[in-house]
Amino acid sequence: MSSPSITIRSLGYSDLPQVISIERRAFPTPWSLAMFVLELSKPSGVCLAAIEDRRIVGYLICSRYADIWHLMNIAIDPPARRRGIATGLLEEMISRAGRDASYTLEVRPSNSPAIALYERFGFRSAGTRRRYYQDTGEDALIMWRTAETASTSSASG
Ligand SMILES: CC(C)(COP(=O)(O)OP(=O)(O)OC[C@H]1O[C@@H](n2cnc3c(N)ncnc32)[C@H](O)[C@@H]1OP(=O)(O)O)[C@@H](O)C(=O)NCCC(=O)NCCS
């Protein structure tokens, strides 16, 4: 659970300059502004911001494809990490999209902080996508969270 000073709300277009600034510090190959605008334009998506002192400290983008939710992006401002903010965003995503819904994501096998976070939420590895990351040629680990895998997870989400 994130600290009481954090508020989670829907992400809006006017948040994007702050989001881009975190994105550039969080990823070697950051999303462009156009990619965020496209995701925000999808009516069925769940796009969230974590706010502290009126400043964005993290965000999450989750898209719906038919009955499957795809966690597309999540990042926390580096100084704000390890305070439960990503946990709070994932809990809100699951509360909005559904506890029994199916979720999938891709993650770099080298990203052990993110994999540990996802495993706490009941995501489990289900194979790899070969050479998914164009910058390094790394494979992606594919993870799924279903009602069944969630029942074995440690997080409340
Ligand atoms: C991964 C990330 C989103 C986690 O955000 P966070 O707010 O720091 O995560 P939380 O504080 O909610 O952590 C919850 C749990 O995840 C795991 N975890 C998070 N960061 C970790 C780390 N650096 N090392 C090991 N485990 C970690 C721990 O189990 C942690 O629980 P604990 O603090 O009680 O041990 C953040 O490190 C980040 O923005 N990374 C860069 C962007 C990124 O890689 N996004 C994912 C792309 S697939």
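Residues numbered from 1 in each chain as written. Predicted model: local features only at pLDDT ≥ 70, side-chain atom pairs only at ≥ 80, totals over all residues. Heavy atoms only, no water.

Read across the sheet, 7 strands follow the order S1-S2-S3-S4-S5-S7-S6 without closing on themselves; strand pairing throughout is mixed. Each edge of the open sheet is held by one strand with a lone partner, namely strand S1 (7–10) and strand S6 (124–129). Neighbouring strand axes in the sheet, compared pairwise and without regard to direction, differ in orientation by 25° on average. As defined by bridge partners, strand S2 (residues 46–52) adjoins strand S3 (residues 55–65) across 7 bridges and the pair is classed as antiparallel. Each bridged residue has a counterpart across the sheet, and for Val46 the counterpart in S3 is Cys62. Packed on one face of the sheet, helix H1 (residues 16–26) meets S3 and strand S4 (68–76) and runs near 85° to S3. (Pairing = 2+ DSSP bridges. Helix = DSSP H or I, 4+ residues; strand = E, 2+ residues; numbered from the N terminus. Axes fitted to C-alpha atoms, helices over the stretch in contact; angles between N-to-C directions. Contact = heavy atoms within 4.5 Å.)

It is worth spelling out the packing of aromatic side chains at this point. Using the criterion set out here, one finds 4 aromatic pairs in the structure. Ring plane angle 55° and centroid distance 5.0 Å describe the contact between Trp31 and Phe36, whose orientation is recorded as tilted. Residue class for Trp31 comes out buried when judged on its relative accessible area of 15%. Between the aromatic rings of Phe36 and Tyr59, the centroid separation amounts to 5.7 Å while the plane-to-plane angle is 80°, which identifies the pairing as edge-to-face. Of the two residues, Phe36 is situated in helix H2 (residues 33–40) and Tyr59 in strand S3; the sequence distance between them amounts to 23 residues. The class for Phe36 is buried, based on a relative accessible area of 0%. Seen from the ring of Tyr133, Arg108 lies directly overhead, with NZ or CZ sitting 4.2 Å from the centre. (Phe/Tyr/Trp six-rings, centres within 6.5 Å; stacked < 30°, edge-to-face > 60°. Buried < 20%, exposed > 50% of the residue type's maximum accessible area, 1.4 Å probe, protein only. Lys NZ or Arg CZ within 6 Å of the ring centre and 35° of its normal.)

With that settled, the discussion passes to the nonpolar core. One finds Leu60, Leu71, Leu90, Met93 and Tyr118 to be the most contacted residues of the largest nonpolar core, which totals 31 residues. Looking at which element gives the most residues to this core, the answer is helix H3 (residues 85–97), with 7 residues. When residues no more than four places from it in sequence are discounted, the contact partners of Leu71 are Leu60, Ile61, Cys62, Leu90, Met93, Thr104, Leu105 and Tyr118. Formed by 15 residues, the second largest nonpolar core is a distinct cluster that contains Leu16, Val19, Ala49 and Ile56. (Core = buried A, V, L, I, M, F, W, Y, C linked by side-chain atoms within 4.5 Å.)

Glancing now at the pattern of salt bridges. This model, assessed by the stated rule, comprises 11 salt bridges. Linking Arg9 and Asp15 is a salt bridge whose minimum nitrogen-to-oxygen distance equals 2.8 Å. On the basis of relative accessibility, which here comes to 33%, the residue Arg9 falls in the partly exposed class. We classify Asp15 as buried; its relative accessible area is 6%. Ionic pairing is found between Asp139 and Arg130, a salt bridge with its closest N-O pair at 3.3 Å. On the basis of relative accessibility, which here comes to 65%, the residue Arg130 falls in the exposed class. (Salt bridge = Lys/Arg side-chain N within 4 Å of Asp/Glu carboxyl O.)

From the geometry alone we can't say anything about function, so treat these as descriptive.
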